[in-house]
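Report on the structure
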Amino acid sequence: MDDSYDLIIVGGGAAGMGAAQYGARANLKTLVLEEMAHGGQALLIDRLENYPGLLEPVDGYSWAETMRAQAESFGAQIRSASVSSIRKVGGSFAVTTDEGVLNAKAVVLATGAKHRHLGVKGEEEFGGRGVSYCATCDGPFFKGKRMVVVGGGDSACDEAMFLSKLADKVVMVHRKERFRAQKALAERVLSNPKIEVRWNSVVDEIMGTKAVEKVRLRNVVTGDTSEEATAAVFVFVGSIPQTAALPESVARDDAGSVITNERMETNLPGLFAVGDVRATPFRQVVTAVADGAVAAHCASQYIDELEGQAYR
Ligand code: NAP
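Cut-off values and rules
Residues numbered from 1 in each chain as written. Predicted model: local features only at pLDDT ≥ 70, side-chain atom pairs only at ≥ 80, totals over all residues. Heavy atoms only, no water. Near = heavy atom within 4 Å. Polar contact = N/O pair within 3.5 Å; in protein donor to acceptor, adjacent residues only side chain to side chain. Areas by Shrake-Rupley, 256 points an atom, 1.4 Å probe, with all protein chains shown as cover. Nonpolar A, V, L, I, M, F, W, Y, C, P; charged D, E, K, R; others polar. Domains from an automatic or database assignment. Disulfide = S-S within 2.5 Å. Buried < 20%, exposed > 50% of the residue type's maximum accessible area, 1.4 Å probe, protein only. Helix = DSSP H or I, 4+ residues; strand = E, 2+ residues; numbered from the N terminus. Pairing = 2+ DSSP bridges. Axes fitted to C-alpha atoms, helices over the stretch in contact; angles between N-to-C directions. Buried area = accessible area lost by both parts, 1.4 Å probe. Salt bridge = Lys/Arg side-chain N within 4 Å of Asp/Glu carboxyl O. Parallel < 35°, antiparallel > 145°, perpendicular 65-115°, else oblique. Left-handed = near helix turned anticlockwise from the far one by under 90°. Contact = heavy atoms within 4.5 Å.

**Brief notes about the site of the ligand**
Around the ligand, 19 residues are found, and the nearest of them are Asp154, Ser155, Lys176, Arg180 and Gln284. At 2.5 Å, a side-chain N or O of Asp154 approaches an oxygen atom of the ligand. Lys176 is positioned with one of its side-chain polar atoms (N or O) 2.6 Å from an oxygen atom of the ligand. Protein contacts shield 77% of the accessible area of the ligand, which totals 910 Å² for the unbound molecule. Tallied by class, the residues present in the shell around the ligand amount to three nonpolar, nine polar and seven charged. When residues of the shell around the ligand are assigned to domains, at least three fall in each of domain 1 (4-114 + 239-306) and domain 2 (117-235).

**Considering the state of the cysteines**
Counted according to the given criterion, the structure contains one disulfide. Disulfide pairing places Cys134 opposite Cys137 at an S-S distance of 2.0 Å. An S-S torsion of about 75 degrees defines the bridge between Cys134 and Cys137 as right-handed. When its relative accessible area of 10% is taken as the criterion, Cys134 is described as buried. Free cysteine Cys157: the closest other cysteine sulfur is in Cys134, separated by 17 Å. For Cys157, a relative accessible area of 0% gives the class buried.

**Looking at the side chain of His174**
Positionally, His174 belongs in the loop between strand 10 (169-173) and helix 5 (183-190). Accessibility expressed as a relative area gives 8% for His174, which makes it buried. A polar side-chain atom of His174 sits 3.5 Å from the main-chain amide nitrogen of Gly152.

**Side note on the sheet that holds strand 13 (residues 212-219)**
Spatially, the three strands line up as an open sheet ordered 12-13-14, and their pairing is antiparallel. Each edge of the sheet is formed by a strand with only one pairing partner; in this case those strands are strand 12 (201-208) and strand 14 (225-229). Ignoring which end each strand starts from, the neighbouring axes of this sheet average 25 degrees apart. Strand direction decides the pairing type here: strand 12 and strand 13, joined by seven bridges, are antiparallel.

**Regarding the domain arrangement of the protein**
Domains assigned within the protein are domain 1 (4-114 + 239-306) and domain 2 (117-235). The gap between the C-alpha centroids of domain 1 and domain 2 is 32 Å. Summed over both partners, the interface of domain 1 with domain 2 comes to about 490 Å²; 44% of that surface belongs to carbon and sulfur atoms. Considering only the side of domain 1, the residues that lose the most area to domain 2 are Leu44, Asp46 and Glu49, jointly responsible for 72% of the buried surface there. Linking Asp46 and Lys165 is a salt bridge whose minimum nitrogen-to-oxygen distance equals 3.2 Å. Between domain 1 and domain 2 we count three residue pairs in polar contact (both at pLDDT 80 or more) in total.

**Let's talk about the packing of helix 1 (residues 14-25) against helix 2 (residues 60-73)**
Orientation of helix 1 relative to helix 2, taken along the N-to-C sense of each, is 25 degrees, at an axis distance of 9 Å. Taken together, the axes of helix 1 and helix 2 are roughly parallel relative to one another. Judged by the twist between their axes, the crossing of helix 1 over helix 2 is left-handed. Residue-level inspection shows Ala14, Met17, Gly18, Ala20, Gln21 and Ala24 of helix 1 in contact with helix 2, the latter providing Trp63, Met67, Arg68, Gln70 and Ala71.

**Let's talk about the pattern of salt bridges**
For the structure shown, the criterion picks out 18 salt bridges. With a closest N to O distance of 2.9 Å, Arg198 and Glu228 form a salt bridge. With Arg198 in strand 11 (residues 195-198) and Glu228 in strand 14, this pair connects stretches of sequence that are 30 residues apart. For Arg198, a relative accessible area of 24% translates into the label partly exposed. Looking at Glu228, the relative accessible area reads 9%, which means it is buried. Across the pair Asp204 and Arg218 runs a salt bridge whose closest N-O atoms are separated by 2.7 Å. Here Asp204, found in strand 12, pairs with Arg218, found in strand 13; they are 14 residues apart in sequence, far enough to count as distant.

Here it is in structure tokens:
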């Protein structure tokens, strides 16, 4: 099996696929490593409606399939493997996978972020029995029932809108008195008759016998507690960037996101970071893809420099 590449992209979501297209099209021998299904978080999007160039919304799965096919049509290779470490050895990178060590002149980290958990009693116990982090995956199991959504960002609002088409009632629980989400999305939620919001509230416990039956809420202003009957609890309280494969010396911010400059370069020359794993003010499919394009372009210039072929 081939083990030497110009560019290895770790992660096959929107950012990784953007980098793959631009890397392959720049004539770099490009490999994408993805441990799960390519497409990343985009796979969970019910209706992708804010990606430029799409007059009609598409589902995230179809969009990801098109991205993969387009990247492959330019010559990118996509392999299923889990990456445990990325290390710089001399002038190149050793990428350790469950299928052996691969080498690359440059690496793009596009590993994204995983769902943050609430960390309350009952959350782990009822995982798969009412507690979920994916509305499109699990929402249909609770059709016609009452559902709780926790969080106040874009994810919580988007997913609450999706669940409102299935649920008898969606109760959103948010710890502040207004949403963090983009205004248009927040307004859509607030005008949806099937969604009620419990402001200034947190979930203290998820309760049930065999499956979720109710949650205990606490108002963070008054301290009052109450119980809310529900068949499911969908948790969307942000995410944790996936950086375990990186050396400690790669700079991160307080949230653990990898710090880059506008060229997507990290503080380790030849290592680029893109998409949700990167410290960025706005996480969208379009910004992830754009990060990937910038990183691949700058990786190509970096490789030219290495090989003494830089355009001057
Ligand atoms: P986010 O923007 O970080 O929002 C997380 C929400 O969870 C916040 O409202 C936060 O409350 C709340 N929260 C955090 N920890 C909590 C806890 N322990 N208990 C209760 N609530 C807690 O995360 P996100 O909504 O997943 O979005 C992530 C990124 O993806 C954002 O950049 C977002 O714009 C993007 N995104 C975009 C779209 C879209 O454009 N349609 C869809 C999904 C995601 P506070 O507000 O009090 O901090």
